[in-house]
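# Observations on the three-dimensional arrangement
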Amino acid sequence: EDRTRFAEEKSRELSRTQVELENYASELKRSSQYKSEFLANMSHELRTPLNSMLILSQMLAENAHGTLLPEEQDYARVIHEAGGDLLLLINDILDLSKVEAGKLDIHIDEVDTTELPFVMEHHFRPLAEKKGLAFSVERDPAIPDIIYSDGLRVHQIIKNLLSNAIKFTEQGTVRLTLRPFDPVLDEAAARHVPGGAAIVVAVSDTGIGIPAPMHEAVFDPFRQADGTTNRKYGGTGLGLSISRELSKLLRGHITLDSVEGSGSTFTLFLPSLTEGAVGGAGMANVA
Ligand code: ADP
């Protein structure tokens with residue numbers, strides 16, 4: 001009799017705890033949603049005035065009326081550059097909060113994999129060469145010419161990876177490789193991309209590398225391998241978290257291989273999706 005009463009009481013306690021936990025979880029979810037919505041709105045409100053500042057400081061920097069002293073022109077240039085950095089940061093925060101709020105829409109269309117290497121080469125070779133780095137691009141002809149994905153977002157991810165590769169490399173080579181999925185070589189990534197990837201995009205460098213304990217953390221928002229305040233490389237620590245979130249929206253995955261002091265390889269696995277727009281919270285089907 002006593003034991004039955006004891007059991008009943010415990011079971012009531014348990015269901016009370018369960019209800020409390022569920023309430024707490026939904027409250028957490030709600031406030032995280034509020035945070036993301038707030039950030040998304042804020043970013044939008046910040047961009048409008050910033051754009052006016054950028055346009056007007058640019059005009060001043062060009063000294064169109066010839067009325068400014070050289071140092072005044074320099075001040076205008078500094079304002080313009082600082083404004084440009086701020087705009088990049090705001091765009092990153094906007095992107096990340098949109099993904100987190102499930103509000104970033106994906107537009108599935110044909111992505112031309114023959115054109116992609118040229119676009120990247122055109123954009124990044126000059127930047128690499130300016131730093132004295134070699135830049136190499138390789139496309140295995142075995143990959144499909146066309147895949148279905150969100151071209152804009154695919155480009156955004158690869159550009160993030162390439163600008164990091166150039167930023168964190170002092171000498172050697174930055175390499176972009178497009179190749180087919182290899183079930184053996186890519187075994188570790190396979191469980192994140194259930195249908196297998198249609199293309200594999202690798203960005204490797206001979207740069208400073210990332211210490212092993214940071215290999216997962218660098219994908220967290222605002223996390224940087226060098227956490228000191230007087231760190232050598234600028235940046236916001238948002239690029240990789242945005243890239244990873246975007247790759248998830250595209251039903252793909254990003255992995256990192258790196259040895260501190262000798263270089264890093266970031267690899268993007270992309271499936272081909274079925275045609276038709278896929279909402280942020282919606283499901284994409286693998287073609
Ligand atoms: P950011 O580059 O703005 O700091 P990211 O999210 O793009 O932000 O990268 C986070 C961190 O990961 C960087 O601060 C750096 O410590 C490390 N990292 C990213 N890419 C590389 C790379 N190619 N080589 C070495 N470290 C890298």
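Calculation criteria
Residues numbered from 1 in each chain as written. Predicted model: local features only at pLDDT ≥ 70, side-chain atom pairs only at ≥ 80, totals over all residues. Heavy atoms only, no water. Pairing = 2+ DSSP bridges. Helix = DSSP H or I, 4+ residues; strand = E, 2+ residues; numbered from the N terminus. Axes fitted to C-alpha atoms, helices over the stretch in contact; angles between N-to-C directions. Contact = heavy atoms within 4.5 Å. Phe/Tyr/Trp six-rings, centres within 6.5 Å; stacked < 30°, edge-to-face > 60°. Buried < 20%, exposed > 50% of the residue type's maximum accessible area, 1.4 Å probe, protein only. Near = heavy atom within 4 Å. Polar contact = N/O pair within 3.5 Å; in protein donor to acceptor, adjacent residues only side chain to side chain. Areas by Shrake-Rupley, 256 points an atom, 1.4 Å probe, with all protein chains shown as cover. Nonpolar A, V, L, I, M, F, W, Y, C, P; charged D, E, K, R; others polar. Expected span 1.5 Å × (residues − 1).

In the nomenclature of an unreviewed UniProt entry, the chain is known as histidine kinase of Paenibacillus aurantiacus.

An order of E2-E4-E5-E7-E6 is seen for the five strands of this open sheet, with the pairing classed as mixed. The sheet terminates laterally at strand E2 (134–139) and strand E6 (253–259), the two strands that pair on one side only. The sheet shows a mean angle of 10° between the axes of neighbouring strands, taken without regard to direction. The pairing of E2 with strand E4 (residues 173–179) spans six bridges and is classified as parallel. The residue of E4 that forms the bridge with valine 137 is leucine 176. Most of the contacts of helix H3 (residues 116–130) go to E2, to which it runs at about 170°, and overall it touches E2 and E4. Across the face of the sheet, helix H6 (residues 239–249) comes into contact with E6 and strand E7 (263–270) while running at roughly 140° to E6.

As enumerated under the stated definition, the model contains two aromatic pairs in all. Ring centres of phenylalanine 181 and phenylalanine 269 lie 6.2 Å apart, and the angle between their planes is 85°; this geometry places the pair in the edge-to-face category. A residue pair is termed long-range when its members are at least 10 positions apart, and phenylalanine 181 in the loop between E4 and helix H5 (187–190) and phenylalanine 269 in strand E7 qualify at 88 residues. By relative accessible area, phenylalanine 269 is classed as buried at 2%. Ring geometry for phenylalanine 219 against phenylalanine 266: centres 6.2 Å apart, planes inclined by 75°, an arrangement best described as edge-to-face. Here phenylalanine 219, found in the loop between strand E5 (199–205) and H6, pairs with phenylalanine 266, found in strand E7; they are 47 residues apart in sequence, far enough to count as distant. We note that phenylalanine 219, like phenylalanine 266, is buried.

Here we take up the site of the ligand. In the vicinity of the ligand there are 20 residues, among which Asn164, Gln224, Ala225, Thr236 and Leu240 approach most closely. The side chain of asparagine 164 places a nitrogen or oxygen atom 2.8 Å from an oxygen atom of the ligand. One of the side-chain N or O atoms of glutamine 224 is found 2.6 Å from an oxygen atom in the ligand. Protein chains bury 95% of the 530 Å² of accessible surface belonging to the ligand in isolation. Those elements giving two or more residues to the shell around the ligand turn out to be helix H4 (151–167), H6 and E7. In terms of residue class, the shell around the ligand is made up of nine nonpolar, eight polar and three charged.

Here H4 spans 24 Å end to end across 17 residues, near enough to the 24 Å set by a 1.5 Å rise per residue. Of all the residues in H4, the buried ones are Arg153, Val154, His155, Gln156, Ile157, Ile158, Leu161, Leu162, Ala165 and Ile166. N-cap assignment for H4: the residue whose side-chain oxygen lies 3.2 Å from the backbone N of leucine 152 is aspartate 150.

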